[in-house]
Amino acid sequence: MAALELDLFLCRTDNYGVLLHDRLSGATASIDAPEERPILDALERRGWQLTHILTTHHHGDHVAANASLKERFGLTIIGPKNEASKIPGIDRTVGHGDRFDFAGHPVDVIETPGHTSGHVCYHLPEDKLLFAADTLFALGCGRLFEGTADTMWQSLSRLMALPDDTAIYFGHEYTLANAHFAITVDPENSALKERAAEIEETRSDGGFTAPTTMGLEKRTNPFLRAGDPKIRALLGMEKASDAAVFAEIRKRKDNF
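Calculation notes
- Residues numbered from 1 in each chain as written.
- Predicted model: local features only at pLDDT ≥ 70, side-chain atom pairs only at ≥ 80, totals over all residues.
- Heavy atoms only, no water.
- Pairing = 2+ DSSP bridges.
- Helix = DSSP H or I, 4+ residues; strand = E, 2+ residues; numbered from the N terminus.
- Contact = heavy atoms within 4.5 Å.
- Axes fitted to C-alpha atoms, helices over the stretch in contact; angles between N-to-C directions.
- Phe/Tyr/Trp six-rings, centres within 6.5 Å; stacked < 30°, edge-to-face > 60°.
- UniProt positions renumbered as here; feature names shortened; annotations may be inferred.
- Buried < 20%, exposed > 50% of the residue type's maximum accessible area, 1.4 Å probe, protein only.
- Polar contact = N/O pair within 3.5 Å; in protein donor to acceptor, adjacent residues only side chain to side chain.

(A) Expanded view of the sheet that holds strand 14 (residues 212-213). Spatially, the 6 strands line up as an open sheet ordered 7-8-9-10-13-14, and their pairing is mixed. Each having just a single partner strand, strand 7 (99-102) and strand 14 make up the two edges of the open sheet. Taken together, the 4 bridges between strand 8 (residues 105-111) and strand 9 (residues 120-124) define a ladder with antiparallel strand orientation. Across the sheet, Ile110 pairs through a bridge with Cys121, a residue of strand 9. Strand contacts of helix 4 (residues 149-160): strand 8, strand 9 and strand 10 (129-133), with the helix running at about 155° to strand 8, the strand carrying the most contacts.

(B) Layout of the packing of aromatic side chains. Scanning the entire structure with this criterion turns up 9 aromatic pairs. With 6.1 Å between their ring centres and 70° between their planes, Phe223 and Phe246 make a pair best called edge-to-face. Of the two residues, Phe223 is situated in the loop between helix 7 (214-220) and helix 8 (229-235) and Phe246 in helix 9 (residues 242-254); the sequence distance between them amounts to 23 residues. Ring-pair connections join several aromatic residues into one group, and the members of that group are Trp153, Phe181, Phe223, Phe246 and Phe256.

(C) Looking closely at the UniProt feature "binding site: Zn(2+) 2" in the chain. The residues that UniProt annotates with the feature "binding site: Zn(2+) 2" are Asp61, His62, Asp134 and His172. In summary, the annotated positions, though distributed over 112 residues, converge in three dimensions, the widest C-alpha pair being only 10.8 Å. Taking the relative accessible area as the measure of exposure, His62 reaches 2% and is therefore buried. When residues no more than four places from it in sequence are discounted, the contact partners of His62 are Asn15, Asp32, Ala33, Pro34, Thr56, His57, Asp134, Gly171 and His172. Looking at His62, its side chain comes within polar contact range of the side chain of Asp32, at 2.9 Å. The class for His172 is buried, based on a relative accessible area of 2%. Here His172 is in contact with Asp14, Asn15, Tyr16, Asp61, His62, Asp134 and Phe137, once residues within four sequence places are set aside. Here Asp14 takes part through its side chain, which lies 2.9 Å from a polar atom of the side chain of His172.

Right under this line is the structure:
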């Protein structure tokens, strides 16, 4: 099985657009559809034809171009069953534990409520890819618009069970701001300090911080490190549950 090709680009102000392409079949999927023009430009640049949209959740900055792209290409839109009524043009609904095929590549659906009530992530185990959208960012996680901290912690725990070498593509370029916050709750983490310096350089040069990896996030992302003794001590929550520590970190980030 040939490796999938990916194209990463910015949409709107800070949304990431991602195209996933299989050379043998010509199948091309857009992970969400934040904005039509950048997606069309990427398709033209690569000479690809869009066949699918894999929708992660219903927010407007992730589905804005669904209808126009479907009209143009006659493509198939796949999305979370728990948000189907809010997703324009949806053709097929999927839920936690479902598996479907994209051009011979298995795709596992991981339900990750928290940011929205029905948010899903798409994991391609044979390709070691995870499309996490607004559940997990580099050094961050999504705001809790439709879920509780307990729910989001359970969702992140599902993702943390994936192999460390899983490449993670996320929905927004928030990484520099996330790094500035992460240092405040995990100041003794040498791996985080080194990463923060690299991010400063990357962003000053106009570079992208996606993708990341699960192993790197587990070492440096405070939202995945609720069990770390030093973070717990700094927060004064040595005996609290992991979910409670996560909730405090999320609260502090909301007010940062």
